[in-house]
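# Topology and contacts: notes
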Amino acid sequence: MKAKETKLLNFLKQSPQFVIPVYQRTYSWTKRECQQLWEDILRTGRDDQINAHFVGSIVYIEESIYTVTVQPSLLVIDGQQRLTTTMLILEALARRLGDKEPVNGFTSRKLREHYLLNHLEEGDQRFKLVLTQTDKESLHALVGQKPSPREKSLRITENFNFFEKQIAALGDDLTLLCQGLLKLMIVDIALSRDQDNPQLIFESMNSTGRELSQADLIRNFVLMGLETTQQKCLYEDYWRPMEITFGQEAYGEHFDKFIRHYLTLCTGNIPNFGKVYEAFKAHARQPRIEQAGIEALIADIRQLADYYYSMALEPNLDGRLGKAFRDLRELRVEVAYPFLLELYRDYHSGELSEDDFYQAVRLIESYVFRRSVCKVPTNSLNKTFATFGRHLKKDRYLESIKDHFLSMQSYRRFPSDEEFKRELQHQDVYNFQNCSYLFRRLEHHKRKEQIFISEYTIEHIMPQNKNLSAQWQSDLGSDWQQIQEKYLHTLGNLTLTGYNSEYGDRSFAEKRDMQDGFKDSPLWLNKNIGIQERWNESAITARAEFLANRASEVWIPVFLPEERLAEYRALSEQTPASSYSIEDHSNLSLGSASRMLFDVLRKEVLALSPVVTEEFLKLYIAYKAETNFVDVIPQTSRLRLLLNISFQELHDPRGLARDMDNLEMSGNGDVEVFLSNPEELRYVMALVRQAFEKQMGNGNDEA
């Protein structure tokens, strides 16, 4: 490696060409970064006391370790954003200057000849900076003063327009801008192919993940170490099609999410958002993945990316599957995508029929929506779907999905019709986060002709005004205030209308009979309102029950015949239960010090949640939610606890815990802590609770 400090414009002038390799991300600076650079340039140009302004480093590969001028084309490892933005400023300035020269060397012709173009060259060699794909065509069109390509780079276009406006706002005096550009400094870092490892250097410069997305880091990881020809082939055959499918904006916003879901599907573990790259490297280095080869890995990613796009982003996917995916998106059920990716792959391969796939998607939608209505905690919902595939029996695919839904209890349960209808009828639906989705789905159920729900708003049939008119008070009866308070925002009193402002606080008869009133409404939701004589408590509760019954048809319950359920239960019961009990642990004999500690600890651990179960094994006692979160090993006068949480994640201000990672031991967990006397119980339980909450997903970045 060779590094030196130099002026940015001198650096550009001395090098014939910079090439951005295909594995680099596209140009991604936004107006915010451009604004900051612009202000820095003007501030530097304005202040004679500032001799230079450092803008970062440019890292590139050259064939030898001599000087930049001997290498005809330099492959840029880091610095694309600064180089490209500088080119946009210089092009905008060149268009403004013409033949004027406010500072020596700053005319339109000199800027183009020195920094933007190689006039004696043809094709791509003519340009000082060669970007990738869409960015390349757009930048070359600007610098070559040609019309923009049909598929233009949004960032290139937007930022160039920004700089044109900023330069125009300076008027005729461009001296400060030119002086500021002259003071820009970089660190010129040249790498040798023979002596340096570009991948390791790249990772060290982007180790925080702040400059590059996780997906960008992954693309660099899989392509950077390959020969140029193989890089180009794999990029054009697999990675570039994914970028095109997602689109420029969606790729930057959604591709990281997809990679996270992909890894969850492949590994069964959910990587933290900031550690997706590390999880991917670990996955890619698995022997079976390495044996299959990098092309097989990228091909698999591309295939799954197409499925993800269809489910999560495609706005115009036809057919009933397209409608089901759009409904699921409105619920924002991102946690289900790892499981859905597996279903989609099996559907595409023919292992899962279209009808069963559709029913599975609707069951997932029903499961999530019913839980939200019934206020079932979302703790560990992501893990529910991350591990769902383990319970599939693909010779009876849909049936095994239903069985697993039915087998989940407590916080994982699939709410029954009874619970779902009851909660839906009595809760505050108006302030429910999925209120619009609820009424849209109710309205469209079994309708061949869909309406544009966005044209309608939520209407309170009984008005919200606390000072109800005499007619409303008469309709509701003597206890009208209590009725209004109890039912105002509930399902039975809400509907959709396009005439919310016209309805206002009118009496029910007026709302019903006026032009475009409930009697004239084209909406299914308003049919049974238009035939009511009065709107009172009985009408509201009857309509709530009516809509709740329809809701159970929309968000279908999960069902399997009893004989099929019995078969699944018989299969699960073939796994032998533990034959051990507390009597098998000699250190827990009645009256012993360990037994007294165990009794109080046991009570506290089981009180954490109804989902916690206890299992006595030969060497230890396991406490489980998803799986073991703490194992208790009785000793003569104390209890040894193994917590299933990484030592780095545990908050232990007293320092009682010990890191046991990579040490052989009985039980599960990487953290050891001892309970030696009752006075320590409260603190030790705080440590146990962290392991439990980690497993349940509390505080997880995606619940």
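Residues numbered from 1 in each chain as written. Predicted model: local features only at pLDDT ≥ 70, side-chain atom pairs only at ≥ 80, totals over all residues. Heavy atoms only, no water.

Now for the overall build of the protein chain. Within the protein chain one finds 29 helices and 14 strands. When its C-alpha atoms are laid out on the principal axes, the protein chain stretches across 85 × 85 × 55 Å. Residue burial in the protein chain is summarised as follows: out of 703 residues, 51% are buried. Summarising the internal contacts of the protein chain: among those between residues at least 6 apart in sequence, 70% fall at separations of at least 24. As presented, the protein chain carries roughly 33400 Å² of accessible surface, and 47% of it is formed by carbon and sulfur atoms. Seen as two clouds, the 86 positive and the 102 negative side-chain charges of the protein chain have centres 2 Å apart. (Helix = DSSP H or I, 4+ residues; strand = E, 2+ residues; numbered from the N terminus. Buried < 20%, exposed > 50% of the residue type's maximum accessible area, 1.4 Å probe, protein only. Contact = heavy atoms within 4.5 Å. Areas by Shrake-Rupley, 256 points an atom, 1.4 Å probe, with all protein chains shown as cover. Lys, Arg positive; Asp, Glu negative; His and termini not counted. Charge placed at Lys NZ, Arg CZ, Asp CG, Glu CD.)

The next point concerns the sheet that holds strand S13 (residues 658-659). Taken in spatial order, the six strands of this open sheet run S9-S10-S11-S12-S14-S13, and their pairing is antiparallel. Among the strands making up the open sheet, the edge pair consists of strand S9 (613-616) and S13. The pairing of strand S10 (residues 621-624) with strand S11 (residues 628-634) spans four bridges and is classified as antiparallel. In the strand pairing of S11, Ile-621 is matched with Val-632. (Pairing = 2+ DSSP bridges.)

If you look at the biggest cluster of nonpolar residues, it comprises 104 residues, and the most contacted ones within it are Phe-246, Phe-255, Phe-258, Leu-343, Phe-385, Phe-405 and Phe-439. When residues no more than four places from it in sequence are discounted, the contact partners of Leu-343 are Leu-352, Phe-357, Ala-360, Ile-364, Tyr-397 and Ile-401. (Core = buried A, V, L, I, M, F, W, Y, C linked by side-chain atoms within 4.5 Å.)

Tracing the backbone through its elements, the reader meets Tyr-277 in helix H12 (residues 276-284). We classify Tyr-277 as buried; its relative accessible area is 5%. Along the primary structure Tyr-277 and Arg-260 are separated by 17 residues, whereas in three dimensions their C-alpha atoms are 9.1 Å apart.

What follows concerns the packing of aromatic side chains. For any pair of aromatic rings, geometry is given as the distance between the ring centres together with the angle between the planes. Within this structure, the stated rule accounts for 39 aromatic pairs. Centroid distance Phe-325 to Tyr-344: 6.0 Å. Interplanar angle 20°. Geometry classified as stacked. One end of the pair, Phe-325, is in helix H15 (residues 319-330); the other, Tyr-344, is in helix H16 (residues 337-349), with 19 residues separating them in the sequence. Its relative accessible area of 10% is what places Tyr-344 among the buried residues. Taking 6.5 Å as the distance between ring centres and 25° as the angle between the ring planes, the aromatic pair formed by Phe-339 and Phe-385 counts as stacked. (Phe/Tyr/Trp six-rings, centres within 6.5 Å; stacked < 30°, edge-to-face > 60°.)

What follows deals with the pattern of salt bridges. For the structure shown, the criterion picks out 39 salt bridges. Note that Glu-342 and Lys-394 form a salt bridge whose closest N and O atoms lie 3.1 Å from each other. With Glu-342 in helix H16 and Lys-394 in the loop between helix H18 (381-386) and helix H19 (397-407), this residue pair connects regions lying 52 residues apart in the sequence. With relative accessibility at 14%, the residue Glu-342 sits in the buried group. Given a relative accessible area of 30%, Lys-394 falls into the partly exposed group. (Salt bridge = Lys/Arg side-chain N within 4 Å of Asp/Glu carboxyl O.)

Moving on to helix H17 (residues 354-373). The first and last C-alpha atoms of H17 sit 29 Å apart over 20 residues, in line with the 28 Å expected at 1.5 Å per residue. For H17, a buried count of 15 out of 20 residues is recorded, marking the element as mostly surrounded by other parts of the structure. (Expected span 1.5 Å × (residues − 1).)

As for its placement among the helices and strands, Ala-250 is situated in helix H11 (residues 248-267). Overall, the relative accessible area of 18% leaves Ala-250 in the buried class. In this structure the C-alpha to C-alpha distance between Ala-250 and Tyr-309, which are 59 residues apart in sequence, comes to 9.8 Å. Among residues more than four places away in sequence, those in contact with Ala-250 are Phe-255 and Leu-313.

Caution is warranted with low-pLDDT regions, since their predicted coordinates should not be read in detail. Averaged over all residues, the pLDDT of the protein chain is 88; the fraction at 70 or higher stands at 92%. In the model, residues 63-71 has pLDDT below 50 throughout and makes 22 contacts with residues more than four positions away in sequence or in other chains. Scored below 50 in pLDDT, residues 699-703 shows 14 contacts in the model against residues more than four places distant or in partner chains. (pLDDT = per-residue confidence, 0-100.)

Here we take up the side chain of Thr-107. Within the secondary structure, Thr-107 is located in the loop between helix H3 (80-97) and helix H4 (108-116). Within the structure, the side chain of Thr-107 is placed 3.1 Å from the backbone nitrogen of Lys-110, a separation counted as a polar contact. In contact with Thr-107, not counting residues within four places along its chain, are Leu-97, Gly-98, Asp-99, Lys-100 and Glu-101. (Polar contact = N/O pair within 3.5 Å; in protein donor to acceptor, adjacent residues only side chain to side chain.)

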